[in-house]
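# Commentary on secondary and tertiary structure
Next come the chains, spelled out residue by residue.
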Amino acid sequence: MRTRPLKVALLGCGVVGSEVARIMTTHADDLAARIGAPVELAGVAVRRPSKVREGIPAELVTTDATALVKRGDIDVVVEVIGGIEPARTLITTAFEYGASVVSANKALLAQDGAALHAAAEDHDADLYYEAAVAGAIPLIRPLRESLAGDKVNRVLGIVNGTTNFILDKMDSTGAGYQEALDEATALGYAEADPTADVEGFDAAAKAAILAGIAFHTRVRLDDVHREGMTEVTAADFASAKAMGCTIKLLAICERAEDGASVTARVHPAMIPLTHPLASVRGAYNAVFVESDASGQLMFYGPGAGGAPTASAVLGDLVAVCRNRLNGATGPGESAYAALPVSGMGDVVTRYHISLDVADKPGVLAQVATVFAEHGVSIDTVRQQGKDGEASLVVVTHRASDAALGGTVEALRKLDTVRGVASIMRVEGE
Ligand SMILES: NC(=O)c1ccc[n+]([C@@H]2O[C@H](COP(=O)([O-])OP(=O)(O)OC[C@H]3O[C@@H](n4cnc5c(N)ncnc54)[C@H](OP(=O)(O)O)[C@@H]3O)[C@@H](O)[C@H]2O)c1
């Protein structure tokens, strides 16, 4: 074993960073044996130097992350600050100064992944980010390496624990959205400002990263269609139950049926209770991958939290250190397929539509005609009437989102349709 240690600069020592430092210290001997050289924590950059940080020698702590990265003797920079700046500049500076980088920063990678990969390649360095998607769950490396000989057609995932906790609460207790969110906040599953989670921004960043790797195609954050889950109601869950489904906020990355393009989207969707993703409870994450040769694979586990996320960071750290000792780099960006990324209109799926209609003869026929005129074939219809008003629940066969959009627009114009109470996609069949 080499005795000269590999030097690691830790940028950020919060929820994730403090666990990275703890594991590096407590598992130092095992890590050294697995890597083939000891790893030394050379410095820890933070914002508030006076904060007590258990197990971190005070002399390692600095507020000058740039100086730490520019020391010139750092082998690996672990970026767990988060956000776009200063993380982006620190990572590119790390490459310029000869270091490889491990990051957990989904927001940055979804936005600037291509440029960061190019910077890593220019400097013969590694950029690893297993922790950026679904915390502890091995996903990036399985997609990038284990499935490199297969053809991935679909990635369907619950990649945000906060939203899964809220939807699971609504499902199991009949609670409304606000009540379930309040509980998630009280238990520490939701942040004081939950926008990034409940509006699907966090999941969209992960979808962009996953789609890019799965389809060997650059998928930008802007390419991901995003809908949040704040408008999911207890009534939606009742409808889902009536058709043997539950509701999940899903990140869905798909190859088109003709294989010529891909799509990436995040939205709430009904999913059959028989689908493995339906049984993912609480704040857990799971990602279901469908590929030509392997068939169906499911990756499941804790998608966040200090120690689980640090597990993924440490796995990357070991891999990057091994590469460094071998004078090699691991796989970089693979975007050779360069498939066009289509918009939501081209997505083909099934829909569950609830309409408030007048309870009188001929309404059903009128509604069915509108569906037929737009090429959307109906699978089932359920009607319930009371006091001259009725609700009509239509479940369609597979149709394009564009066709469904046209259907709904036309339905709204019918005198007999009082309103479109909800539209939900049905996935996982
Ligand atoms: N938390 C999770 O469960 C989880 C899961 C997956 C991925 N991630 C990702 O991991 C990253 C870190 O998340 P986290 O939850 O650990 O965040 P956090 O608890 O807020 O920690 C951020 C750390 O960065 C430090 N920091 C902030 N600005 C800085 C600056 N300008 N220079 C130097 N240090 C600075 C903070 O210093 P102070 O300690 O002095 O405030 C803190 O130590 C993010 O990219 C996040 O998306 C987190």
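Residues numbered from 1 in each chain as written. Predicted model: local features only at pLDDT ≥ 70, side-chain atom pairs only at ≥ 80, totals over all residues. Heavy atoms only, no water.

What follows is about the nonpolar core. Formed by 78 residues in total, the largest nonpolar core has its most connected members in V77, I166 and I209. In terms of residues, this core owes the most to one element, helix α10 (residues 201-215), which gives 11 residues. Looking at this core, you find at least three residues from each of domain 1 (6-135 + 306-326) and domain 2 (140-302). Those residues in contact with V77 that lie beyond four places of it in its chain are A9, L11, V69, A94, A99, S100, V101 and V102. Ranked by size, the runner-up nonpolar core spans 34 residues in total, among them V8, L31, L60 and V320. (Core = buried A, V, L, I, M, F, W, Y, C linked by side-chain atoms within 4.5 Å. Buried < 20%, exposed > 50% of the residue type's maximum accessible area, 1.4 Å probe, protein only. Helix = DSSP H or I, 4+ residues; strand = E, 2+ residues; numbered from the N terminus. Domains from an automatic or database assignment. Contact = heavy atoms within 4.5 Å.)

Okay, helix α1 (residues 15-26) next. For α1, built from 12 residues, the straight-helix expectation of 16 Å at 1.5 Å per residue is met to within 8% by its first-to-last C-alpha distance of 17 Å. Check the buried side of α1 and you find it contacts β1 (6-11), α2 (28-35), β2 (39-45) and α12 (306-325). (Expected span 1.5 Å × (residues − 1).)

Let us now look at the sheet that holds strand β6 (residues 127-128). Neighbouring strands of a sheet are bound in pairs by backbone hydrogen bonds; such pairs are parallel or else antiparallel. Spatial ordering of the open sheet is given by β3-β2-β1-β4-β5-β6, a layout of 6 strands whose pairing is parallel. Looking at which strands have only one partner, the edges of the open sheet turn out to be β3 (61-62) and β6. The sheet strands contacting α12 are β1, β2, β4 (76-79), β5 (100-103) and β6, and the helix crosses β5 at an angle near 170°. (Pairing = 2+ DSSP bridges. Axes fitted to C-alpha atoms, helices over the stretch in contact; angles between N-to-C directions.)

Another aspect to go through is the environment of L404. Relative to the elements of secondary structure, L404 occurs in helix α14 (residues 401-413). For the pair formed by L404 and G305, sequence separation is 99 residues and the distance between their alpha carbons is 39 Å. Look past the residues within four positions of L404 in its chain and what remains in contact with it is Y351, I353, V376 and I423.

Okay, the pattern of salt bridges next. With the rule as written, the count across this model stands at 25 salt bridges. For D379, the salt bridge goes to R350, with nearest N and O atoms at 2.6 Å. With a gap of 29 residues between them, D379 in strand β14 (residues 378-386) and R350 in strand β13 (residues 348-358) connect regions that are remote in the sequence. By sharing partners, the salt bridges in this structure join R154, E254, R265, E290 and E427 into a single network. (Salt bridge = Lys/Arg side-chain N within 4 Å of Asp/Glu carboxyl O.)

Moving on: the domain arrangement of the protein chain. For the protein chain, the assigned domains read domain 1 (6-135 + 306-326), domain 2 (140-302) and domain 3 (347-426). Each partner contributes residues to the interface: domain 2 has 15 residues there, and domain 3 has 11 residues. Interface of domain 2 and domain 3: buried area, both sides summed, is about 1100 Å²; carbon and sulfur atoms make up 60% of it. Of all residues in domain 2, M243, R265 and M270 give up the largest surface area on contact with domain 3, accounting jointly for 40% of the area buried on that side. Joining domain 2 to domain 3, the criterion identifies 2 salt bridges. For R398, the salt bridge is made with E257, and the minimal N-O distance between the two is 2.7 Å. Counting across the domain 2 and domain 3 interface gives 4 residue pairs in polar contact (both at pLDDT 80 or more). When residues of the side of domain 2 that touches domain 3 are traced back to their parent elements, those giving at least two are α11 (234-242) and β10 (262-272). Sorting elements by how many residues they give to the side of domain 2 that touches domain 3 places β10 first, with 6 residues. In the side of domain 2 that touches domain 3, the residues fall into 7 nonpolar, 4 polar and 4 charged. (Buried area = accessible area lost by both parts, 1.4 Å probe. Polar contact = N/O pair within 3.5 Å; in protein donor to acceptor, adjacent residues only side chain to side chain. Nonpolar A, V, L, I, M, F, W, Y, C, P; charged D, E, K, R; others polar.)

Inspection of the region around the ligand gives 21 residues, with C13, V16, R48, R53 and G305 positioned closest. At a separation of 2.8 Å, an oxygen atom of the ligand approaches a polar backbone atom of V16. With respect to the ligand, the backbone of R48 contributes an N or O atom lying 2.6 Å from an oxygen atom. Summarising the interface, the protein chains cover 79% of the accessible area of the ligand, which totals 900 Å² for the free molecule. Tallied by class, residues from the shell around the ligand come to 11 nonpolar, 6 polar and 4 charged. (Near = heavy atom within 4 Å. Areas by Shrake-Rupley, 256 points an atom, 1.4 Å probe, with all protein chains shown as cover.)

A separate point is the layout of surface pockets. Empty pockets left among the atoms are what a rolling probe the size of a water molecule brings to light. In this structure, the second largest pocket occupies an estimated 690 Å³ of space. Around the second largest pocket, the lining is made up of 31 residues, and of these D236, A421, S422, I423 and M424 lie nearest the centre. Those elements that provide at least two residues to the lining of the second largest pocket are α11, β13, β14, β15 (389-396), α14 and β17 (417-426). Element by element, the count of residues in the lining of the second largest pocket is highest for β17, at 6 residues. Its residues placed into classes, the lining of the second largest pocket shows 12 nonpolar, 10 polar and 9 charged. (1 Å grid on protein atoms, 1.4 Å probe; cavity = no way out; pocket = protein on both sides within 12 Å on 5 of 7 lines; lining within 4 Å. Points joined across faces, edges and corners; volume = space filled by probe spheres on them.)

Turning next to the pairing of strand β7 (residues 152-158). Of all 7 residues in β7, 6 are buried; the element is thus mostly enclosed. Relative to strand β11 (residues 284-291), β7 runs antiparallel, the two sharing 6 bridges. Counterpart to V152 in the pairing with β11 is S291. Of the strand pairs in this sheet, β7 and strand β9 (residues 245-255) are connected by 4 bridges, and their pairing is antiparallel. When the bridges of β9 are listed, V155 appears paired with C253.

Before going further, it helps to spend a moment on the packing of helix α5 (residues 106-122) against α10. Remark: α5 packs on α10, axes separated minimally by 9 Å, with the N-to-C direction vectors making an angle of 50°. As judged from the angle between their axes, α5 and α10 are oblique. For the crossing formed where α5 meets α10, the hand is left-handed. Mapping the contact onto sequence places K106, L109 and A110 in α5 and D202, A205, K206, A208 and I209 in α10. Looking at the contact of α5 with α10 residue by residue, the classes come out as 5 nonpolar, no polar and 3 charged. (Parallel < 35°, antiparallel > 145°, perpendicular 65-115°, else oblique. Left-handed = near helix turned anticlockwise from the far one by under 90°.)

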